[in-house]
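Observations on the three-dimensional arrangement
Each chain is listed here by its residues.
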Amino acid sequence: MITAKDILDFWFNPENKAFWFAKSDDFDEKLRLNFQDIFMQACKAELWSWRSTAEGRLAEVIILDQFSRNLYRDDPRAFAQDPMALVLSQEAIELGMDQQLAPEWRSFLYMPFMHSESALIHEQALTLFEKLGNPVNLDFEIRHKVIIDRFGRYPHRNQVLSRTSTAEELEFLRQPNSHF
């Protein structure tokens, strides 16, 4: 049985950091082979016992928010667990669990806020990433927030989610740094 510690050991292994925000078929396949079953358990909320610790809650959030993007790249299912990951993160923050995590780990607890398509959630995300004190994370949150404030959604998801793009979104998508 895979544990929360197994998830965190894998995700934060220095060998895997290069793949966090990069496209890699090999890394995606590695996740599929090793973690597809635990991902399905997380989707069914079967990992609820992990939520009693900050590390367990973080592991579940990483599965739902990060693994999903690798397991279902270019597929609507990549974003299907975002609301659940966000709720788990919100609860962890309310319980003070985020303060029990090292800053690098905490950034992944906050990532569902960055992935949200809600302007209200991005107001919270901005505060969280400012307090985190990592200028790289803060810069990415600001760039995400600007897109949400402008469009109310991420235009780069439109094709995958079968949403019709506006002319303004199509023009935006031709610009550098318009995709995450």
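Not measured: the values here are computed from a predicted model. Residue positions are counted from 1 within each chain, in the order its sequence is given. The predicted nature of this model means local features are confined to residues of pLDDT at least 70 and side-chain atom pairs, given and counted, to a pLDDT of 80 or more, with totals for whole chains, interfaces and linings taken over all residues. As a rule here, side-chain values come from all non-hydrogen atoms in the structure, and water together with hydrogens is ignored.

So, the packing of aromatic side chains
The criterion, for reference: Here a pair means two rings of Phe, Tyr or Trp (six-membered ring of Trp) with centres within 6.5 Å. Their orientation is stacked below 30 degrees between planes, edge-to-face above 60, and tilted elsewhere. Each residue is assigned to one of three classes by its accessible area relative to the maximum for its type, calculated with a 1.4 Å probe on protein chains only: buried under 20%, partly exposed between the two thresholds, exposed over 50%.
One pass over the full model with this rule turns up 18 aromatic pairs. Each ring, one from Phe19 and one from Phe27, has its centre 5.0 Å from the other, and the planes form 10°; the classification is stacked. The exposure class assigned to Phe27 is buried, which follows from its relative accessible area of 3%.

Brief notes about the nonpolar core
As a reminder of what qualifies: Definition of nonpolar core: a set of buried residues of the types Ala, Val, Leu, Ile, Met, Phe, Trp, Tyr and Cys, connected through side-chain atoms within 4.5 Å. Put simply, DSSP marks the helices as runs of H or I at least four residues long and the strands as runs of E at least two long, and each gets a number from the N terminus on. How far each domain reaches was decided by an automatic or database domain assignment. Contacts are assigned to residue pairs with any non-hydrogen atoms lying within 4.5 Å of each other.
Formed by 44 residues in total, the largest nonpolar core has its most connected members in Ile7, Trp11, Ile62, Ile63 and Phe67. Counting residues per element, the ones that place at least two in this core are α1 (4–11), α2 (25–43), α3 (54–71), α4 (82–94), α5 (103–115) and α6 (119–132). Two domains each donate at least three residues to this core, and these are domain 1 (1–115) and domain 2 (116–179). If near-sequence neighbours (up to four positions away) are discounted, Ile62 is found in contact with Ile7, Leu8, Trp11, Phe12, Phe67 and Phe108. With six residues, the next largest nonpolar core counts Ile147, Phe151, Phe172 and Leu173 among its residues.

Quick notes on the domain arrangement of the protein chain
Stated formally: Defined here as a combined quantity, buried area equals the accessible surface (1.4 Å probe) lost by two parts on assembly, summed across both. What counts as a salt bridge is simple: a side-chain nitrogen of Lys or Arg found within 4 Å of a carboxyl oxygen of Asp or Glu. Pairs of N or O atoms are called polar contacts if they sit within 3.5 Å, as long as, within protein, a hydrogen donor faces a hydrogen acceptor (for residues adjacent in sequence, only side-chain-to-side-chain pairs). Amino acids outside the nonpolar list (Ala, Val, Leu, Ile, Met, Phe, Trp, Tyr, Cys, Pro) and the charged list (Asp, Glu, Lys, Arg) are all regarded as polar, and Gly is one of them.
Splitting the protein chain by domain gives domain 1 (1–115) and domain 2 (116–179). Just the C-alpha atoms count here: the centres of domain 1 and domain 2 sit 20 Å apart. Contacts between domain 1 and domain 2 engage 18 residues on the former and 17 residues on the latter. When domain 1 packs against domain 2, close to 1,400 Å² is buried across both sides, 72% of that on carbon and sulfur atoms. Seen at the junction of domain 1 and domain 2, the total is one salt bridge. The salt bridge partner of Arg157 is Asp82, with a shortest N-O separation of 4.0 Å. Counting the contacts that link domain 1 with domain 2 gives six residue pairs in polar contact (both at pLDDT 80 or more). Elements with a minimum of two residues in the side of domain 1 that touches domain 2: α4 and α5. In terms of residue class, the side of domain 1 that touches domain 2 is made up of ten nonpolar, three polar and five charged.

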